[in-house]
Each structure stands twice: as C-alpha cells, then as structure tokens.
Amino acid sequence: MSFAIRRLAPIAILALACTAGADSIDVHNNHDFPVRMPYTLHDVKQTTFFLDLPAHAHQSVDTAAIPAGDAQVTIQPADNAASLSFKGQSLGQLSWSLVLHTVTPATTKNDALSAGRPADFKPQPLTLSFKQTATAPLFTTYSASTTSNGLQIQVDLDVYPTGFLDVRTKVTNQSAPKKDVYAAILTNWTQAGVSSRTCDYNSAVSDLKDSTPWRMPGGRHQFVARGLNWFTTTSPAGSVLWLNEFAPSFTIHHQAKGKTPAEWVGANSAQLDQEAYVDGDTLIHVTELAHGSVKSYRSRLDDYVLPDPSQPLTFTHRLVFADKPISNDDSTHTFIAYTTYNSQPNPTRLDLGVPYVTFGTAYFPYSTLGENFGPSKLPGMSQDGYWPLAADVVKNYKLFANDIRRDLRIAKSMGFQSIRMHHMEMLWTTDKDVVKVTPEERNAFLDFFFNELKDLKLTALVDVKITPDQITDLLQRHREQIDGVEIDNEILIFGIQDKDIQYWKDCYAAVKKIAPDMPVHWTAQTNTDAFIRLQREGVPFDQLGEHAYMDGLDAIPMSRDFALQVASYGSTVNKPPTLTEWNWRFLTRMTEEARAKVYAPIFESPFKARAVPLMYQFQFNDSLAMNPLALKGIRHYELLNLSRRPKEEASEFQRLVNTYSAPDSTTRTLKLERTVVDLPADAPSKNVTIPMTNQTDKTLHLTCTFEAADGMKPLATKASITLEPGQTGNITSAVSIPADAPPGFYHSFWRMEDEENHILRYAWIEARRPGQPTFDKSAHNGVTCSKDAFDLDLTKPTAIVYGDDCPIMELEASWVIYQTLESACGVPVKIFTARELPPSGVTNLIYIGTAKSLPASTNVPADKQGITRLPGSNTLVISGDNSQDAALAAMDYTLRYWKTAKDSACRRVPLVTREISKGPDAGQLP
C-alpha cells in the first residue's frame, strides 16, 4: 500500500470550511510513487479536493469530486480527549498536555539539554472539550480550546472519513514568560494492543521503543534538523502513519546594544522540534516550543524563549489509516509528498514535486583566480579570509581572459545553466584599506564576463550588496544575462537588522523597475521563520534562498530534511526554494575516493524528494585566493582541482545533472563524455575521437567549431555532423600542444550547435603535458634545503602526505602543494593522511608537518625549518619546529616552482609582501 500525503496549508478554519469549486485542475505527479491525498489549493477559495494519481502521471482532476467509499475514520469527543475509530474498531484516544517551567540561565549556559527531557517533565493535562465546528465536502472539523499558564491552545481535528485525520494546533502566548522558559505541547495517544512502532528521526528509520534520541548523540547539525518526521503503529484494529509537517519557529526582537544594532533573531531552533517517548500503552508526542540549543548557534538565535502574542505557533500532524502494516518505503514516500515543494505555476496546473532541477554553480573569478601564500600574495588581494577581492584579476582581466573562458566552457560542458557570482559587491568596494577597482575597470571586466556568458547561452545569479542605484545600473547594462538577484549573502541566517529593512525594499523596487520578472531573494539556512518576518515587515521576495552544509558523515542523511524544511514552506507561500550553497564540510581528511562515495547522497536526497527546482553547487574550482595560514580545514569541496582536472566527486555530480535536469537540457539532449589525452613534448599531437549520441526525438544538424583556451590546436577548426534520433556518431581531429609549451593541463572544446533546435553543447578535451616544473634552487633566508631536494622526478606518481591528526594549518599547507604541483607538472597528484597512504602505487612522497605530527619514519628534526630529501629515497620532508613554520616552508617550496608554472597568476602579476585584513572569521559556520 502506498500513500503520498500533502498537508493542508496552515490557514483559518473558515477558509478550510469553504466549499470546493467545480473547476478542474491539471495535476502532474512528478514522483516515482503513487500519490493519494487530500490537497488544498492556494487559491482565493482555498479549495480542498482529493487526489489519486499513479507515479509520473498527470490528469485533469475535478476539484468538486467526492471520493467514493464508506466512512472509515471517525472521532468521538470524550472527556478532555478524542476517541479514534477505524472501520468500527477503536484506535484509542488522543489527549493533550502542557509542559512549561522556568529555567536558570546559569545552569543552561553550557548544556543544551539541561532542561527539556522526559525525566524533567511535569505534564499538566489540558482541558479540551471538542465540538463539531465546520463541515466541508471532504472533511468535518472538531475544535477545542483552552488557556493554561498564560498559553492559549487551540486544537482542530479535520476528519476525512476516507482515511485521514489532520491534527492542527495553535499556541498563542497571552501572558506566559517569554525568557528563560522551557515549553512543549504533548499529544498523548493511548492505544491498547500495539504490536510495533517504527519511526523516522532525521531521516534514520528505526524501531520506536522507548524514546526518540532527543538530538543526542550528535553534533551541531542535530539542532538544525527538527527530529521526528513520522512514526507508524500497528495493532489488530489497523495501522496508522503519523506525519509531522515542518513548523517554522519564530523571531525575537533585540534592541540596539553597544555596537550591536537593533535586529530580529531566530528563536530556539529553525523549526519546532518534534520528539516522542513511550509510557506503557501511551505514546507521547512532544512538540517543543521553547528549548535549549548548542553554543555554536547562540550567536544567531535566542534559546529558552517564547514569542509574544503577535506570533502564534502553529503545527500540524496528519494521521493516515490503513488495514495492513504500512511499509517504511511507503511511509517515507508519504512523508516526502506531505512536505516537499508542490507548486501552482498557474491557476490551472498543480505540480506535485518539481519536475526537474536547473543546475548552477558558483564561479567568481574576481576572487578565486587570485593567489595568497601567507606573507606573499597578489598586490590586490583584499583580505586573508573567505572570499577576498582579487583586484589584479579585474584590473588586468585580459591576462586572465583565457582562464575565465576555459572555466565557463567547462561549466557549460558539465550541464550548468547559470553562474552564481558570489559577493559581487566586492567590485564596488570603498574600503580604504582595499585596492580599488575603478568604475571603468569594473565595467570592462563585467562587459567581458557577461559577453562570454551570452556567447555560451549561460545566465548569472548575482549575489550582491550594493546601493539600489548601483543595482539599477548593473541591470540596465547586463539585464539580458542576469536571471536572478540574491541580495546580501546569507543575511537571514544571522538576523534581520532593522536598518536593512528599508534598504531591502528599495533594492527590490530597483530590480523590479528595470526587470519586473526578475526573481529577487534573500538567503536563510533552514530558518523559514526569517521569511515570515520579512513578510511581517513588508519586504517582498520571489524565492526562498537556502544554504546548508553537511558537517560530518552523520549529518548526511539529514540533507533531505534540510531541503524539505524550506520546500515545505515554499508550498505554503507558492514560492520556489533555491539552494544557492549546498555541499559538505569537515570531510577534507578523507581520501578523494571515499568522499566520492558519500558525495551523491549529500546532493541527491533533495533531488529524489523533488524538493528543489533550482540548485547552485558551491563552489566550482579549487582556489589559492585565501591565506592557507588562516583557513580552518573545513572545505576543499570544489568539483575541479586547480588544474581543472575533475575530482572524483565531479563524476558523481555529473551523473546527478544528467539524471535530474530537464529533458531538453544540454547534457540530456546530446550525450558526450570528457576526453582525456596525453600530449608529451616528444609526441605533441594525437588524434582525438569524440563519440556523441542524439538523445532527442529530432534530427540534429550540428555545426562544430573548435575552441581552445590554452593554446591547443586541432587539425581542423570546423566540422558538421547530422544525427538522427538515437544515432551515435563521432568527430575526429588531431589536436596538438606546441612542443615548447610548459607542462600542465590544457583544455580545449568542440562547440556543437543546432540553432533550429536551440541546442548548444560543448565537448571537453583535457590534454596533459607531463614535465618537470622549473624550480628556483637558490638559498632562501630561514629555510634550509638538502642539495637534491628539488630533483625528484615529479612526472612519476606523487603523493602529498600530512599527519593523521595534524593541526589544520599543516593540512591547508599540504593542500596548497597538492593543488599547485599537479597543475605545474601536468600529471595527477594524490593527497593522503599518513594513515591512508596506500602501500604501493606511489613513487614520490612529500610529507608536510612537524616531528609531533608526522610518522617517526620521516625523521623530522625537531628544531629545523626546511625542505629535506631523505637519503637514498624519493621522499621529501617539508617541516618546521611548529605548524606555522612548517606551513611557511611549504609556501617556500611552492613558490620555487609556481611563479613560472603555466596556470600561475603570479607569473602574470608579481607577488608582494603585504599585510592585509583577516576578513570575517573563516571558521564562522552558516
């Protein structure tokens, strides 16, 4: 038996009771499972009707139709309770309780759970006398309300005789304390004869015996997720699936204090937390209204707080009844359909889940093409942290034009359709300590960049915080290629400052004046209460921006729910959720192969749940722009290495693009694979054949043009090919790299275009020129080098190795060598912790660290900063007597070859020694 149940929107009882209209609506089920559910349209009448669609079906549905069948679900008001029956058999009683008690800040400061576990509960039964209050064609509503300890509680039961019950609760704080308080509503389900209970807690399915985990054990991500998604009970009277909708928390206003401006911040957690425990024959479902949090979130929210009367808290549970046990798969499908993004693109169409995903990536060369090696950096770098302005790239963009062309063509070949230009306001900086970009320089750079986008039929999402007048100028100049405006990166995650509200309204108006259809949004994490606050303050928006990262392996299963929390609210307001940053963190020490295995689940869960129509992967390419001595070891999650060789994760991501993008997107119309070829100096030319398959139902007439950003040349620069539907063909040409070209990775492309069918596809050729980098072997102050330290044959398999538990500075320094050395020698390089280093397959070993962090076999001198080749071996040890000295020795080693390397920015713009701002804390987590 399979269900897919969409909750009713949290609307007033009067609206729910409106009679359904007689019109029909075209419903598309985009899920891989059947959908059977009551649904409420977001129209004027709030029309409620019944759906029953097979997987991937679409049909016209009569919104006035009443499903056939006898009444199966009934309730009977009882003494402060409601009795449930299914097909005449009793399923027990529902009753309600309140837990509310004050807490002492001194005891909760360092303990997120010191108050708020069942052991601490002293439930107060609520007096609720249910009466029938409304009748609609599909359901009958019973309501009851009471006031206890200053909280007004209203419970509405919408009974669908055909097999559903919605329990809607509204809590309004009339006079209860608003600070230093724990509060929860308990829904008590007493039911005899239960043989089993199963639950989904943050996407992990298990038996429910005693209690849900109550956020323990786990890290900070447990406080982003909301807890219990669903549970099932099985008894002789039948089976019931209990679903919890996502219920946004609320916001608290802080008056200005010292340097902190007046602002709205989140309360307790992003969503109302849901838990459960079992006491005899009673399952107690807990909705926490006010509770504790962890230290790392207290900078962005208040905990142990209740709202004022203007922010009532609402939450809904849906019960689904069945004769037979409901499988875990069916329960999960039901939950997904109940909470995912269902959209009404027009009054006559309803999409259940998104039909496909549009993919974008974050690429911002005005930052990521810059270079910072600690003391030495490009002269125009603005700060040491994430993400600096690399002013030299903008001022001298012609020196970097081929790099940018290469990167955009790679993005096009991978199927990305849009480019997110992150922190674009850096181009307008007026900071007195930052190298300025003049308006003329900025315009020249952006004209070039947007013209490249236009040529590739790519668009841009601009993530920018500039004045409304500057936004107007930007859109007037580049409107054609901009497909969205994201105002002020992540601003909703950390609070809504009063002073920003009018500015946001003005920005929105400025965009709409130039481009009425341009979507504008702000970005939260999963705290959708921030969007509710925007609406209360009169700030319009068109999309729901979300950033989320999986902070460790145990957080990965929650990725689906992180997306659903925002998707669920998106259905309520009929605005699409947009993931503009989505990736992992803290997996840096894993091997590349190990990361690839967990990469797909991180990204695929939101896609399988049909929760997001638009997703920007963050970010595209590994970079040298941030000071490695200031980083925190949490990232390096990019798809491409510095050489632009794809990481293992990129193959997984490519599969997702090919699977979930629209049928007419580039990678799904014309199937191609990246082609890799070795072109050593003694054999600089080779025939390259690129097979391709027409996956459309049309005949394609492709005009093919060779484009090289790196100096590669083909025998022929133009070709044409015709492919019938389903036909496979190929294009063959000799490609070459000049024999005197430096070692490195070279990238070129075949542009394949069918204008009549609106197809533009890029085939990607990666050519590798292996060779020994040119080393500066001169003496450098403070760094000792053995005389043969720079004589390793780096065209042989090479691995960078750092200590298993080494300090982060050593890890980051190791990544700098790993990325630059591969790019400079034209062959793939590996990186491992000492523990993960394979026993064979590697010729050269380069260790980075100290005597404390590296294996004893490396013989690191405890008082030496240097670059040492171990006698009679292919092992190099780059070390120092502390982590900073080891990292500086690693930077010294890097710059000995990098200044002359093919892809080096400092080959074009010389480095300087310059102190700059640290910038925002690179370890601050959204």
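Please refer to the structure placed before this passage.
Small disclaimer: the values here were computed from a predicted structure and weren't measured. (Residues numbered from 1 in each chain as written. Predicted model: local features only at pLDDT ≥ 70, side-chain atom pairs only at ≥ 80, totals over all residues. Heavy atoms only, no water.)

Engineer: Give a description of the sheet that holds strand E12 (residues 164-173) that names residues and reports values.
Structural biologist: In a beta sheet, neighbouring strands are held together by backbone hydrogen bonds and run either parallel or antiparallel to one another. An order of E9-E10-E11-E12-E23-E17-E16-E14-E15 is seen for the 9 strands of this open sheet, with the pairing classed as antiparallel. Strand pairing shows two members of the sheet lacking a second neighbour, strand E9 (131-135) and strand E15 (204-207), which therefore form its edges. With direction set aside, neighbouring strand axes in the sheet form an average angle of 20°. For strand E10 (residues 140-148) and strand E11 (residues 151-160), the ladder comprises 9 bridges, and the chain directions are antiparallel. (Pairing = 2+ DSSP bridges. Helix = DSSP H or I, 4+ residues; strand = E, 2+ residues; numbered from the N terminus. Axes fitted to C-alpha atoms, helices over the stretch in contact; angles between N-to-C directions.)

Engineer: Explain the pattern of salt bridges residue by residue, including any values.
Structural biologist: In total, this model carries 49 salt bridges according to the counting rule given. Salt-bridge contacts for aspartate 542 lead to lysine 512; the nearest nitrogen and oxygen are separated by 2.9 Å. With aspartate 542 in the loop between helix H10 (529-536) and strand E35 (544-551) and lysine 512 in helix H9 (residues 498-514), the pair connects residues that are 30 residues apart, well separated along the chain. Taken individually, aspartate 542 and lysine 512 each receive the classification buried, so the pair is uniform in this respect. The closest approach of N and O atoms between glutamate 604 and arginine 655, which form a salt bridge, is 3.2 Å. Here the residue glutamate 604 occupies a position in helix H12 (residues 592-608), and arginine 655 occupies one in helix H13 (residues 648-660), the gap between them amounting to 51 residues. Bridged by salt links that share partners, the residues Asp403, Arg406, Asp407, Arg644, Asp710, Lys902, Asp903 and Arg908 form one connected network. (Salt bridge = Lys/Arg side-chain N within 4 Å of Asp/Glu carboxyl O. Buried < 20%, exposed > 50% of the residue type's maximum accessible area, 1.4 Å probe, protein only.)

Engineer: So what's going on with the packing of helix H8 (residues 468-478) against H9? Residues and values would help.
Structural biologist: At a minimum axis distance of 9 Å, the contact between H8 and H9 shows a crossing angle of 25°. In this view, H8 runs roughly parallel relative to H9, as classed from their interaxial angle. Crossing of H8 against H9: the hand is right-handed. Of H9, the residues touching H8 (which contributes Pro468, Ile471, Thr472, Leu475 and Gln476) are Tyr503, Asp506, Cys507, Ala510, Val511 and Ile514. Residues belonging to the contact of H8 with H9 are distributed by class as follows: 8 nonpolar, 2 polar and 1 charged. (Parallel < 35°, antiparallel > 145°, perpendicular 65-115°, else oblique. Left-handed = near helix turned anticlockwise from the far one by under 90°. Contact = heavy atoms within 4.5 Å. Nonpolar A, V, L, I, M, F, W, Y, C, P; charged D, E, K, R; others polar.)

Engineer: Could you give me a rundown of the pairing of strand E36 (residues 577-585), with the residues and numbers involved?
Structural biologist: Looking down a regular strand, the side chains alternate between one sheet face and the other. The buried fraction of E36 amounts to 9 of the 9 residues, a majority that puts the element mostly inside the structure. Note that E35 and E36 share 8 bridges and pair parallel. In the strand pairing of E36, leucine 544 is matched with proline 577. Tracing the backbone out of E35, into helix H11 (residues 559-573) and back to the parallel element E36 gives a crossover that is right-handed. Relative to strand E37 (residues 614-617), E36 runs parallel, the two sharing 2 bridges. (Right-handed = clockwise from strand over helix to strand, strands pointing away.)

Engineer: Residues and numbers for the pairing of strand E6 (residues 81-86), please.
Structural biologist: With 6 bridges joining them, strand E5 (residues 73-78) and E6 adopt antiparallel strand pairing. Across the sheet, the residue bridging to proline 77 is alanine 82, located in E6. In terms of strand pairing, E6 meets strand E7 (residues 89-102) through 4 bridges, oriented antiparallel. Residue phenylalanine 86 lies in a different strand from E7, and its bridge partner there is glutamine 89. Counting the residues in the hairpin turn of E6 and E7 gives 2 residues, including lysine 87, whose phi is positive at 55°.

Engineer: I'd like to hear about the side chain of arginine 644, residue by residue, with values.
Structural biologist: When you line up the elements, arginine 644 lands in the loop between E37 and H13. One polar contact links arginine 644 to aspartate 407, side chain to side chain, over a distance of 2.9 Å. Beyond its immediate sequence surroundings of up to four residues, arginine 644 is in contact with Leu369, Arg406, Asp407, Ile410, Asn621, Asp622, His747, Trp764 and Glu766. (Polar contact = N/O pair within 3.5 Å; in protein donor to acceptor, adjacent residues only side chain to side chain.)

Engineer: Please give an account of the packing of aromatic side chains that cites residues and values.
Structural biologist: Where two aromatic rings form a pair, the distance of their centres and the angle of their planes describe that pair. The full count for this structure, using the stated rule, is 47 aromatic pairs. Ring geometry for phenylalanine 445 and phenylalanine 449: centres 6.2 Å apart, planes at 25°, overall stacked. Placement of the pair is phenylalanine 445 and phenylalanine 449 together in helix H7 (residues 439-456), with a separation of 4 residues, close to one helical turn. The class of phenylalanine 449 is buried, set by a relative accessible area of 0%. The ring of tyrosine 160 carries the charged tip of arginine 318 above its face, separated from the ring centre by 5.9 Å. One cation-aromatic arrangement involves arginine 674 over tryptophan 764; the distance from NZ or CZ to the ring centre is 5.5 Å. (Phe/Tyr/Trp six-rings, centres within 6.5 Å; stacked < 30°, edge-to-face > 60°. Lys NZ or Arg CZ within 6 Å of the ring centre and 35° of its normal.)

Engineer: Before we move on, can you summarise unusual backbone geometry with the specific residues and values?
Structural biologist: Put simply, tyrosine 386 and tryptophan 387 share a cis peptide bond, and its omega is -25°. Note that tryptophan 387 resides in the loop between strand E28 (376-377) and helix H5 (391-395). The omega angle of the peptide bond from phenylalanine 618 to glutamine 619 is -10°, so this bond is cis rather than trans. Following the sequence through the fold, glutamine 619 ends up in the loop between E37 and H13. In this structure, aspartate 180 is a non-glycine residue whose phi angle is positive, near 55°. Overall, aspartate 180 belongs to the partly exposed group, its relative accessible area being 31%. Of note, tryptophan 214 is a non-glycine position whose phi angle comes to about 55°, a positive value. If you trace the backbone, tryptophan 214 turns up in the loop between E15 and strand E16 (228-235).

Engineer: Break down the environment of threonine 169 for me, with residues and values.
Structural biologist: Tracing the sequence through the fold places threonine 169 in strand E12. Taking the relative accessible area as the measure of exposure, threonine 169 reaches 3% and is therefore buried. Excluding anything up to four places from it in sequence, threonine 169 contacts Ile153, Gln154, Val155, Leu313, Thr314 and Phe315.

Engineer: Residue-level account of H7, with values.
Structural biologist: One full turn of an α-helix is made of 3.6 residues, so residues set three or four places apart face in the same direction. For H7, spanning 18 residues, the distance from its first C-alpha to its last is 26 Å, which sits close to the expected 26 Å at 1.5 Å a residue. Positive backbone phi, approximately 55°, marks lysine 457, located one or two places after H7. (Expected span 1.5 Å × (residues − 1).)

Engineer: Quick one: what's the story with the nonpolar core, residue by residue and with numbers?
Structural biologist: Ranked by internal contacts, the top residues of the largest apolar core, which has 184 residues, are Met424, Trp522 and Tyr893. Counting residues per element, this core draws most heavily on helix H15 (residues 808-825), at 10 residues. Look past the residues within four positions of tyrosine 893 in its chain and what remains in contact with it is Phe775, Phe790, Leu794, Ile817, Ile846, Ile867, Leu876 and Ile878. Counting 52 residues, the second-largest nonpolar core is a separate cluster that includes Ala82, Val159, Leu289 and Phe321. (Core = buried A, V, L, I, M, F, W, Y, C linked by side-chain atoms within 4.5 Å.)

Engineer: Talk me through the packing of H11 against H12; I want residue IDs and the actual numbers.
Structural biologist: Two elements in contact, H11 and H12, have axes separated by 7 Å at closest approach and are oriented at 35°. Between H11 and H12 the crossing geometry is right-handed. Here H11 contributes Ser559, Arg560 and Ala563 to the contact with H12, which in turn contributes Pro601, Ile602, Ser605 and Pro606. Counted by class, the contact of H11 with H12 contains 4 nonpolar, 2 polar and 1 charged residues.

Engineer: Break down helix H3 (residues 328-339) for me, with residues and values.
Structural biologist: Compared with the 16 Å implied by 1.5 Å per residue over 12 residues, the 17 Å span of H3 between its first and last C-alpha is a close match. Among the 12 residues in H3, 9 count as buried, and that is most of the element. Of the residues making up H3, those classed as buried are Asp330, Ser331, Thr332, Thr334, Phe335, Ile336, Ala337, Tyr338 and Thr339. In this fold, the buried residues of H3 make contact with E16, strand E17 (238-244), strand E23 (313-322), strand E24 (342-346) and H11.

Engineer: Give me the environment of tyrosine 818: which residues, what numbers.
Structural biologist: With respect to the secondary-structure elements, tyrosine 818 resides in helix H15. In contact with tyrosine 818, other than residues within four places in its own chain, are Glu592, Asn641, Arg645, Ile800, Val829, Lys830 and Ile831. A polar contact is formed between the side chain of tyrosine 818 and the side chain of asparagine 641, at a distance of 3.4 Å.

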